[in-house]
Amino acid sequence: MLKVQKNYGYQRKAEEDMTTNHNKKSIRKEIYVTAFMFLIFFAGMIAYFVRFLVVDADSFIYNSYNSRFSVFADDVERGSIYTADGRAIAKTTKNEEGNEVRVYPDERLFSHAVGYVDHGMAGLEANYSFDLLKSHITLSDQINNSLTGQKSMGDSLYTTLDYETQKAAYDGLGMFDGAVIAIDPDTGKIISMVSKPDYNPNTIDKYWDDINDTEKGDSALLNRATNGSYPPGSTFKIVTTLAYLRDGNSPSDFFYKCSGKFDVDDYTIHCSGNKSHGQEDLLTAFSNSCNSAYASMGVEIDREKFQSTAEDLLFNDTLPTLISGTKASKFAINSDTKESIVAQTAIGQGRTTVSPLHMCMLVSAIANNGQLMEPYIADRIISDDGKVVSETEPVSYGSIITASEANLLNQYMEAVVTDGTAEKVDFGDLKVYGKTGTAEYTENKKITHSWFVGYAKDENGKKLAVAVIMEGAGYGSKYAAPLAASVFKAYFEK
Amino acid sequence: MVSVITSFSRITILSYIIIFTVIDLIQIFEPKLNEVVGSILTTIQAVMIVLFLCNSAAVIYFAKENPYVILTTVFQLIFLTVIAIFLNNLSVPASKALINNMLLMLCFSFVFIERLNFNKSIRQLINGVVSLVVAVIVIYFLRKIPEISKYLFVFAAIGIVSLLAISFIGDIEYGARLSFNVLGIRIQPSEIVKITYLFFIAGCIVTFRDFRGYLFSTIGAGMHVLVLVHSKDLGTALVFLAAYVFLTFIAYKNYILLGLEIGGAIVGGIIAFNAFPHIQTRFIAWLDPLSVVDDKGYQISQSLFAIGTGGWLGSGICNGMPAKIPVVVSDFIFAAISEEMGAIVAICLIIIYMCSTIMFLNCAFNCSNSFYMLVVSGIAIIFGIQTILNIGGVIKFIPSTGVTLPFISYGGSSLLSMFIGFFIAESSEELWISAKGRRRYDY
């Protein structure tokens, strides 16, 4: 129909656009301008697309609304998880029937840190599921594997956890419920993280109903180290001290004569064991953990200053950490708060709650001259053929404590260990700075949580901050502090 | 075995598309290649198209174990061959490279509609055949009508009346009045009106060579756009607006006017943003889709999940989950392509669209006659803008507007208008000469 003779070039000139007086090139240059605009639009779109894939895609697609993860497992074998010293703590193997199973060689030792995959997911297994199911082996190996019908090996996750330290913390906690968390203050690396009661991730599917038995009510799946809400007890005196200083007082301003108790409204605060400490300055009040002195100090502090100091120290806020789903600590004092509650708050009772992670972060900031490094547990992702796929760089949150405040607290926390409540604890040759705590949590004042927060330094300047809580154990100096000592020894003696 | 074929095909398909794209990039500069090299390049592209279609169809055949796939693939190949022969034998195909691009887009369309919904792929093939026949008939009539530009008001009337009709009696889909049913066939008039609209604006400009041309085209374009806004078909309204802005720019060469028009369009956009709550929700869904993932952000989130999870190489055909994306087969088909064939193929596809837009504009540049120069420019602009709106919406570059991806999205009306536009562009030189009543073989 439209078939007509080709090759008409010579008359094209004759038919040149009669409708204008200009020549084609100059009158139609706007077509090129239009083409150029489209070029820019398309280029911008391609650049955005590439940026999305390179920068945002990995974090965006990790979402419960993305149902594509199940597909990955068809081609890639889930990678292993290792401690910093290279011990596999989660790996995929085949059982007798040839089915893939996830195995945790150390059973309960890393249960909360690593998590599980069998019944939903938790811990690192959940947060790094996507990375463990991606394979960064060379493309030719991948093609080779898919041609031979083999699965490619997924990338491995190296954690910051130290096996021996973790074991010392785990064994030290023994039969007690509670949590131990240890952080390298210079980098924010989490060296150990233990929470009890725990579970065996190998058999979690089988015992799921038992573990979740609400009548038992021990919430074994809860990671108490990051999500526990405990009364801080005397470890909170660190915060009270800072609030006192930030309220415009100098350390030398403080004097108190302790008679073993402090009356406020119709409430009496007793010193531990009803002991009367006599004449004290700020240092001895701190190292003796004198409740009366701190209660009297607490009611004098400007309440707004107290609240703002606590909030500067990360209370009532999401903790700056790469670990997801941590629990915010709570602190609330205002002009309506009863004086007796303020006094109790100053000694770490009252309505304040903290997570062990938060206390450990405070101590690691003190150990690091006031600068807080954001804690993390996933150190790097390594492909099966040994390439580093991604690596976590330490991130500083900034200074939450000034260098001079940190210096002062160092002296006080040292005195706790040399002359104060933790005097009798054997820390070996290490230089240790700490604070004990004994926190009441029921009406019965005989049953108390045992706390120790602090850090140790060896002669090379290597540091480790820990927070230990043992539920219902008793005095901090008797239970939590010795456990911290064994954690320090395990870490520094390797 | 199936997974081996699928995995391996990711690499082979990727290589066909990369080879095709590289040749495309060479060809947009219209190099003065000697005829042999030029035809070798075009032939390589044609081979890549056939390999792409056959390889993809083979994967779908093995993955879905559907013997009809082979049959439809044969028909698809015959269809593509007919188009290719027809266009290449046109006395003066304006751009041979553009023909290959269009055929490749049709292949993407066939492959992905087949993979997503087999029944729809058969309907789309029928749509294609119907579109081809209608496009040929349209060209035949255009050749017969001398001075087509004189009928500009007829075109305006057809456009505005049919848009008005749909605006009041059309069926509501996704909150907008877009289409109505005739004997079981869904017709979307705004797609066909794109062509009459271009004829109207080009006609205005070449008929009145003074201020009246601008005035009439502005009034006419404004009426089209307002009726579309009334139907809540904002994506198409934007396409019409862009075509008007760029056509008046090309015709009147006035940068101040261009600036004023773009400024006016922005003001109009802001008014529309404040007046229509559904634009605001789309805006929120664009800024942070995960915050409204349950509701308005669901589609774009699923689209980005698909693209991100597919990664650079893709999951392989039939290995992804594109069906999780609502209306994936029409508006969001690009996300399915990126998920299963990988982002590299997707980027190549964007480049192919970019080259096609430029090749269309080249066709316009080479038109001897200003009326067809403007019509073909308009086709290029509509093609380019629709691509940017569609792909940009799918990858969250811009808010989603609900326009189709030219030649790939499922849907008869949009395929038809693209076919007509494409045929007009390819035979623009031919049309003018024929309409003047001269036969080339007279010389």
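By convention here, each chain's residues receive numbers from 1 onward along its written sequence. In the order they appear in the text, chains get letters beginning with A and ligands get numbers beginning with 1. Totals for whole chains, interfaces and linings use every residue, but because this is a predicted model, local features are given only for residues with pLDDT of at least 70 and side-chain atom pairs only at 80 or more, for both listing and counting.

### Some thoughts on the overall build of chain A
This is how the line gets drawn: A run of DSSP states H or I qualifies as a helix once it reaches four residues; a run of E qualifies as a strand once it reaches two. Both are numbered from the N-terminal end. Our exposure labels follow a C-beta count within 10 Å of each residue's own C-beta, placed from the backbone: buried means 20 or more other C-beta atoms, exposed means 12 or fewer, and partly exposed covers the counts in between. Any residue pair is listed as a contact if its two C-beta atoms, each placed from the backbone, are within 7 Å.
If you tally the helices and strands in chain A, you get 18 helices and 19 strands. Counting the 494 residues in chain A, one finds 47% classified as buried. In chain A, 67% of the contacts between residues at least 6 apart in sequence involve partners at least 24 apart.

### Some thoughts on the overall build of chain B
The helix and strand inventory of chain B stands at 17 helices and 3 strands. Counting every position in chain B, which comprises 443 residues, the buried fraction comes to 56%. The contacts of chain B with a sequence gap of at least 6 include a subset with a gap of at least 24, amounting to 70%.

### Things to note about the UniProt feature "transmembrane region" (unreviewed entry) in chain A
The criterion, for reference: UniProt positions are given in the numbering used here, feature names are shortened, and annotations may be inferred rather than shown by experiment.
Mapped onto this structure's residue numbering, the UniProt feature "transmembrane region" (unreviewed entry) falls at residues 31–54 of chain A. Segment residues 31–54 of chain A splits into 100% helix and 0% strand. End C-alpha atoms: 34 Å apart.

### What to know about the pairing of strand 7 (residues 178–183) of chain A
Residue and element names in this part refer to chain A. Selection rule: When DSSP locates at least two bridges between a pair of strands, those strands are taken to pair.
The element strand 7 is extensively covered by neighbouring structure, given that 6 of its 6 residues are classed as buried. Between strand 7 and strand 8 (residues 190–196), which follow one another and run antiparallel, lie 6 residues, and glycine 188 among them has a positive phi close to 90 degrees. For strand 7 and strand 19 (residues 463–470), the ladder comprises 6 bridges, and the chain directions are antiparallel. What sits directly across from isoleucine 183, in strand 19, is alanine 465.

### Quick look at helix 10 (residues 255–275) of chain B
Defined as follows: By definition here, a helix of n residues has an expected span of 1.5 Å times n minus one.
Spanning 21 residues, helix 10 of chain B covers 30 Å between terminal C-alpha atoms, matching the ideal 30 Å at 1.5 Å per step. Taken across its 21 residues, helix 10 of chain B has 2 buried, putting it largely on the surface.

### Some points on the packing of helix 7 (residues 189–207) of chain B against helix 15 (residues 370–394) of chain B
Residues and elements named next belong to chain B. Spelled out, the test is: Axes, fitted as lines to C-alpha atoms, cover a helix only where it is in contact. Angles between the N-to-C directions of the axes lie from 0 to 180 degrees. In these notes the angle categories are as follows: under 35 degrees is roughly parallel, over 145 is roughly antiparallel, 65 to 115 is roughly perpendicular, and the rest is oblique. Working rule for handedness: look at the near helix, and if it is turned counterclockwise from the far one by less than a right angle, call the crossing left-handed; if clockwise, right-handed. Following the grouping adopted for this structure description, the nonpolar residues are Ala, Val, Leu, Ile, Met, Phe, Trp, Tyr, Cys and Pro, the charged ones are Asp, Glu, Lys and Arg, and the polar ones are all others, Gly among them.
Axis separation between helix 7 and helix 15 bottoms out at 9 Å; the angle between their running directions is 140 degrees. Classified by the interaxial angle, the pair formed by helix 7 and helix 15 is oblique. For the pair helix 7 and helix 15, the sense of crossing is right-handed. Within the contact between the two elements, helix 7 uses Lys194, Leu198, Phe199, Ile201, Ala202, Ile205 and Val206 and helix 15 uses Ser370, Phe371, Leu374, Val375, Gly378, Ile379 and Ile382. Class assignment for the residues of the contact of helix 7 with helix 15 results in 11 nonpolar, 2 polar and 1 charged.

### Re the sheet that holds strand 18 (residues 448–457) of chain A
Residues and elements named next belong to chain A. Taking strand neighbours across the sheet as the criterion, the 5 strands line up as 8-7-19-18-17 in an open arrangement whose pairing is antiparallel. Each edge of the open sheet is held by one strand with a lone partner, namely strand 8 and strand 17 (431–440). Across the sheet, the axes of successive neighbouring strands diverge by a mean angle of 5 degrees, strand direction being ignored. Bridge count between strand 17 and strand 18: 10 bridges; the pairing is antiparallel. Residue pairing across strands places lysine 431 opposite lysine 457, the latter belonging to strand 18. Lying over the sheet, helix 16 (residues 356–367) contacts strand 7, strand 18 and strand 19, oriented at roughly 150 degrees with respect to strand 19. This element, helix 17 (residues 403–418), spans strand 17 and strand 18 of the sheet and lies at about 75 degrees to strand 17.

### A few points about the pairing of strand 18 of chain A
All names here are of chain A. Of all 10 residues in strand 18, 9 are buried; the element is thus mostly enclosed. In terms of strand pairing, strand 18 meets strand 19 through 8 bridges, oriented antiparallel. Within strand 19, the residue paired with glycine 454 across the bridge is valine 466. Connecting strand 18 to the antiparallel partner strand 19 that follows it, the hairpin turn spans 5 residues, and glycine 461 within it adopts a positive phi of roughly 85 degrees.

### Notes on helix 7 of chain B
Residues and elements named next belong to chain B. Definition in use: Fitting axes to the seven residues ending at a residue and to the seven starting there, one defines the bend at that residue as the angle between these axes.
For helix 7, with 19 residues, the first-to-last C-alpha span of 26 Å sits near the 27 Å given by 1.5 Å per residue. Its maximal kink placed at isoleucine 195, helix 7 deviates by approximately 25 degrees. Within helix 7, 17 of the 19 residues are buried, which leaves it mostly tucked inside the rest of the structure.

### Quick word on the nonpolar core
Applicable threshold: What we call a nonpolar core is a set of buried Ala, Val, Leu, Ile, Met, Phe, Trp, Tyr and Cys residues whose membership is set by joining through C-beta atoms within 7 Å. As annotated, the domain borders come from an automatic or database domain assignment.
Ranked by size, the top nonpolar core spans 152 residues in total, and within it Phe360(B) and Val376(B) carry the most contacts. When residues in this core are grouped by element, the largest group, 18 residues, is from helix 14 (residues 343–366) of chain B. Among the domains, domain 1 (2–146 + 276–442) and domain 2 (147–275) of chain B are the pair contributing at least three residues each to this core. Beyond its immediate stretch of four places on either side in the chain, Val376(B) contacts Phe360(B), Cys363(B), Ala364(B), Cys367(B), Ile424(B), Ala425(B) and Ser428(B). Counting residues in each nonpolar core, the second largest holds 120 residues, with Ala293(A), Val354(A), Ala456(A) and Ala480(A) among its members.

### A closer look at unusual backbone geometry
With an omega of 5 degrees, the peptide bond running from Lys196(A) to Pro197(A) counts as cis. By the secondary structure assignment, Pro197(A) is in the loop between strand 8 and helix 9 (208–211). The phi dihedral of Cys318(B) is positive, around 70 degrees, even though this residue is not glycine. Mapped onto the fold, Cys318(B) is located in the loop between helix 12 (298–310) and helix 13 (333–341). Its identity as a non-glycine residue notwithstanding, Lys396(B) has a phi of 70 degrees, on the positive side. Assignment of secondary structure puts Lys396(B) in the loop between helix 15 and helix 16 (412–426).

### Here we look at the packing of helix 2 (residues 35–64) of chain B against helix 4 (residues 96–116) of chain B
Residues and elements named next belong to chain B. At a minimum axis distance of 10 Å, the contact between helix 2 and helix 4 shows a crossing angle of 0 degrees. Overall, the two elements helix 2 and helix 4 adopt an arrangement that is roughly parallel. For the pair helix 2 and helix 4, contact is made by Thr42, Gln45, Ala46, Ile49, Phe52, Leu53, Ser56, Ala57 and Ile60 and by Lys96, Ala97, Asn100, Leu103, Leu104, Cys107, Phe110, Val111, Glu114 and Arg115, respectively. A breakdown of the residues in the contact of helix 2 with helix 4 according to their chemical character gives 12 nonpolar, 4 polar and 3 charged.

### Re the environment of Cys355(B)
For Cys355(B), the location among the structural elements is in helix 14. When the C-alpha atoms of Cys355(B) and Gln27(B) are compared, they prove to be 8.4 Å apart, with 328 residues separating the residues in sequence.

### Observations concerning the environment of Tyr48(A)
Along the chain, the position of Tyr48(A) falls in helix 2 (residues 29–61). Of the residues examined, Tyr48(A) has 15 C-beta atoms within 10 Å and is grouped as partly exposed. Residue contacts for Tyr48(A): discarding those within four places in its chain leaves Ile395(B) and Phe397(B).

### Some points on the confidence of the model for chain A
Here is the rule: Confidence of the predictor at the level of single residues is captured by pLDDT, which takes values from 0 to 100.
Residue-level pLDDT values for chain A average 86, and 92% of them are 70 or greater. Segment residues 1–23 of chain A is flagged for pLDDT under 50; beyond a separation of four residues in sequence, or across chains, it makes 29 contacts in the model.

### So, the confidence of the model for chain B
Here chain B averages 87 in pLDDT, and 94% of its residues register 70 or above. Contacts for the low-pLDDT stretch residues 438–443 of chain B, under 50 throughout, to residues beyond four places or in other chains number 9 contacts.

### Some details on the sheet that holds strand 15 (residues 388–391) of chain A
All names here are of chain A. Judged by pairing direction, the sheet is mixed, and its 6 strands sit side by side in the order 4-3-2-6-14-15 without closing on themselves. Each of the sheet's edge strands pairs with one partner strand only, and the pair in question is strand 4 (100–103) and strand 15. Examined bridge by bridge, strand 2 (residues 81–82) and strand 6 (residues 156–159) share 2 bridges and lie parallel to one another. By the bridge assignment for strand 6, isoleucine 81 is matched with leucine 157.

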